[in-house]
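In case you want the letters, here they are:
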Amino acid sequence: MTENELRWDRVPQVTRSGEEDTQTMSSGGCIRVSGVGPQHTEATRIWFGMVSNEPGYRSLPHHHGEAETGGYVLRGRGRIYFGEDYSEFLDMTEGDWVFVPPFMPHVEANMSTTEELVWLTTRTPDNIVINLDEVDDAALEGFRRA
């Protein structure tokens, strides 16, 4: 970028605690809170928020369309089910990072029946959530509701 391309007419935007967008797409009972996104900032190519899942929670099967998704586990024990009949899975704990490719069907689960799962999530270009047909809990290896 050259000196002539720099934008001196723009300023950073801060979303203060309590001013986040809570009217986000959901897949089941998870809570998605948007801190940076086109709903309340000038962002046009990124969504960044916090997702929390109650003990024993799992999402509906879903994918994020064209969006690339990155996540970071702040606290708790999560699992992402994927693959044919959601028979494959990856476990995550505090400090783990995850990348979910575009259009990949998956189910997110809190593997604890007593502790909340909280993670930061970012997507480009936006918080796209496309819910798919429900799957029975019994098909998800090791999952238990609270």
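Residues numbered from 1 in each chain as written. Predicted model: local features only at pLDDT ≥ 70, side-chain atom pairs only at ≥ 80, totals over all residues. Heavy atoms only, no water.

**Describing the pairing of strand S2 (residues 47-53)**
Step number 1: Of all the 7 residues making up S2, 5 are buried; the element is thus mostly covered by neighbouring parts of the structure.
Step number 2: Here strand S1 (residues 31-36) runs beside S2; their pairing, made up of 5 bridges, is antiparallel. Looking at S2, one finds that Arg-32 is bridged to Val-51. (Buried < 20%, exposed > 50% of the residue type's maximum accessible area, 1.4 Å probe, protein only. Helix = DSSP H or I, 4+ residues; strand = E, 2+ residues; numbered from the N terminus. Pairing = 2+ DSSP bridges.)

**Examining the pattern of salt bridges**
Step number 1: Under the defined criterion, the tally for this structure stands at 7 salt bridges.
Step number 2: With a shortest N-O distance of 2.9 Å, Asp-9 and Arg-7 are connected by a salt bridge. One exposure class covers both Asp-9 and Arg-7, and it is exposed.
Step number 3: In this structure, Asp-137 and Arg-58 form a salt bridge, with 2.6 Å as the shortest nitrogen-oxygen distance. On the criterion of sequence distance, the pair formed by Asp-137 in the segment after strand S10 (130-131) and Arg-58 in the loop between S2 and strand S3 (62-63) is long-range, its members being 79 residues apart.
Step number 4: Looking at Arg-58, the relative accessible area reads 6%, which means it is buried. (Salt bridge = Lys/Arg side-chain N within 4 Å of Asp/Glu carboxyl O.)

**Observations concerning empty space enclosed by the protein**
Step number 1: The full count for this structure, using the stated rule, is 1 cavity of 30 Å³ or more.
Step number 2: In this structure, the largest cavity is lined by 13 residues; those nearest its centre are Thr-69, Glu-108, Trp-119, Thr-121 and Arg-123.
Step number 3: Breaking the lining of the largest cavity down by element, the ones donating at least two residues are strand S4 (68-75), strand S7 (97-100) and strand S9 (117-124).
Step number 4: The class makeup of the residues in the lining of the largest cavity is 5 nonpolar, 6 polar and 2 charged. (1 Å grid on protein atoms, 1.4 Å probe; cavity = no way out; pocket = protein on both sides within 12 Å on 5 of 7 lines; lining within 4 Å. Points joined across faces, edges and corners; volume = space filled by probe spheres on them. Nonpolar A, V, L, I, M, F, W, Y, C, P; charged D, E, K, R; others polar.)

Bear in mind that shape data such as this cannot, by itself, settle questions of function.
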